[in-house]
Amino acid sequence: DINLNSPNKGLLADAMTDVPVDSAASARASAPEGLTLAEEEELRSELAKVEEEIGTLRQVLAAKERHCGELKRKLGLTPLDGLKQNLSKSWHDVQVSNAYVKTSEKLGEWNDKVTQSDFYKKTQETLSQAGQKTSAALSNVGSVISSKLGDMSSYSIRHSISMPAMRNSATFKSFEDRVGTIKSRVVGSRENSTDGLHSPSGAGDKPPQDNAPF
C-alpha cells in the first residue's frame, strides 16, 4: 500500500524518471526526414555490405603487396629502386599537371617581359662594356709585362755578348797594360825603399864585415 500522506511520496515520481529508454526504438523513432523505415533498413543493409567489401579489399590488397614484395626480392630490386621509381612517377605527374603547366607558361611570359624591357637591355649593355674594358686592361698589363721581360732578357744577352768583345778591344788592352805598368812601378819602389832601410848608404850589395876578435 502507498501512503499518500507519507513524506516520501515525491520520490516515486523521481525514480520513474530514471528508467532507461530503448535506444533502438528511439533511433527508429528519430529516422531522417523523407525516409521511411523500409528505406532506412535498406540503406543500413547496403552500408553493412559496403563495409564488408572494404574489409575484403583490404585483405586482398595486403596479399597483393606481399606478393609484389616477393617478386621484387626475386628480381633483386631494393627499396631504394622503388623509391626512385616512385619519385620519377611523382615528378612526371607534377609536370603533366595543370598547375605546373600554367606556372611554366606564366614564368615564360615573365621572362620574355623582363628580357625585352629597356632596363634589362641597358643593364646588359653596361655589363658587356665593363667586361670589354676589363679585358682590354688585362691585355695591356700583359703586354707591358711581356715587354719588360723582353727588355731584361735582351739586355742580359747584350751584356754577355759585349763583355768578351770589350776585353778583346785595343782600348781595353791599352788600359790594362797601363794599369800593369803602374802596378809594377809601385811594387818596385816599395821593394827599393825596404832594401834601403836594411843596408847602410854606400855599402853596396856587400854584407858588412865583422872585425871583432873571436
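Residues numbered from 1 in each chain as written. Predicted model: local features only at pLDDT ≥ 70, side-chain atom pairs only at ≥ 80, totals over all residues. Heavy atoms only, no water.

Taking an unreviewed UniProt entry as the reference, the protein is identified by name as Tumor protein D54 belonging to Chlamydotis macqueenii.

**Here's the deal with the overall build of the protein**
For the protein, the helix and strand inventory stands at seven helices and zero strands. Listing the helices and strands of the protein from first to last along the sequence gives α-α-α-α-α-α-α. Sorting the 214 residues of the protein into buried and exposed places 1% on the buried side. Of the roughly 19,900 Å² of accessible surface on the protein, 59% is carried by carbon and sulfur atoms. (Helix = DSSP H or I, 4+ residues; strand = E, 2+ residues; numbered from the N terminus. Buried < 20%, exposed > 50% of the residue type's maximum accessible area, 1.4 Å probe, protein only. Areas by Shrake-Rupley, 256 points an atom, 1.4 Å probe, with all protein chains shown as cover.)

**So, helix H3 (residues 37-75)**
Its 39 residues place the ends of H3 57 Å apart at the C-alpha level, agreeing with the 57 Å of an ideal helix rising 1.5 Å per residue. Where H3 ends, the next residue or the one after it, Gly 76, has phi of about 80°, a positive value. (Expected span 1.5 Å × (residues − 1).)

**Let's talk about the pattern of salt bridges**
Within this structure, the stated rule accounts for three salt bridges. Across the salt bridge formed by Arg 44 and Glu 40, the nearest N and O atoms sit 3.0 Å from each other. Residue Arg 44 and its partner Glu 40 are both found in helix H3; the two are separated by four residues, about one turn of the helix. For Glu 40, a relative accessible area of 9% gives the class buried. (Salt bridge = Lys/Arg side-chain N within 4 Å of Asp/Glu carboxyl O.)

**Here's the deal with the packing of aromatic side chains**
The full count for this structure, using the stated rule, is one aromatic pair. Plain terms: the ring middles of Trp 91 and Tyr 100 are 5.8 Å apart, the flat faces sit at 75° to each other, and that makes the pair edge-to-face. Overall, the relative accessible area of 47% leaves Trp 91 in the partly exposed class. Under the relative-accessibility criterion, Tyr 100 is labelled partly exposed at 30%. (Phe/Tyr/Trp six-rings, centres within 6.5 Å; stacked < 30°, edge-to-face > 60°.)

**Topic: the UniProt feature "coiled-coil region" (unreviewed entry) in the protein**
Using the residue numbers shown here, the UniProt feature "coiled-coil region" (unreviewed entry) corresponds to residues 40-67. Within the segment residues 40-67, helix and strand shares are 100% and 0% respectively, and the terminal C-alpha atoms sit 41 Å apart. (UniProt positions renumbered as here; feature names shortened; annotations may be inferred.)

**A closer look at a nonpolar patch on the surface**
A cluster of nonpolar side chains, Val 141, Ile 145, Leu 149 and Met 152, forms an exposed patch at the surface whose accessible area comes to about 410 Å². Among the residues examined, Val 141 registers a relative accessible area of 46% and is labelled partly exposed. (Patch = residues over 30% accessible without salt bridge, like charges linked within 9 Å, V, L, I, M, F, W, Y side chains within 5 Å.)

**A closer look at the confidence of the model for the protein**
Residues at a pLDDT of 70 or more form 65% of the protein, whose mean pLDDT is 75. For the protein, per-element mean pLDDT is lowest for helix H2 (residues 23-29), which scores 48, and highest for H3, which scores 94. Within the model, the stretch residues 21-27 combines pLDDT values under 50 with one contact to residues more than four positions away or in other chains. Confidence drops under pLDDT 50 across residues 200-204; counting only partners more than four residues distant or on other chains, this segment forms zero contacts. (pLDDT = per-residue confidence, 0-100. Contact = heavy atoms within 4.5 Å.)

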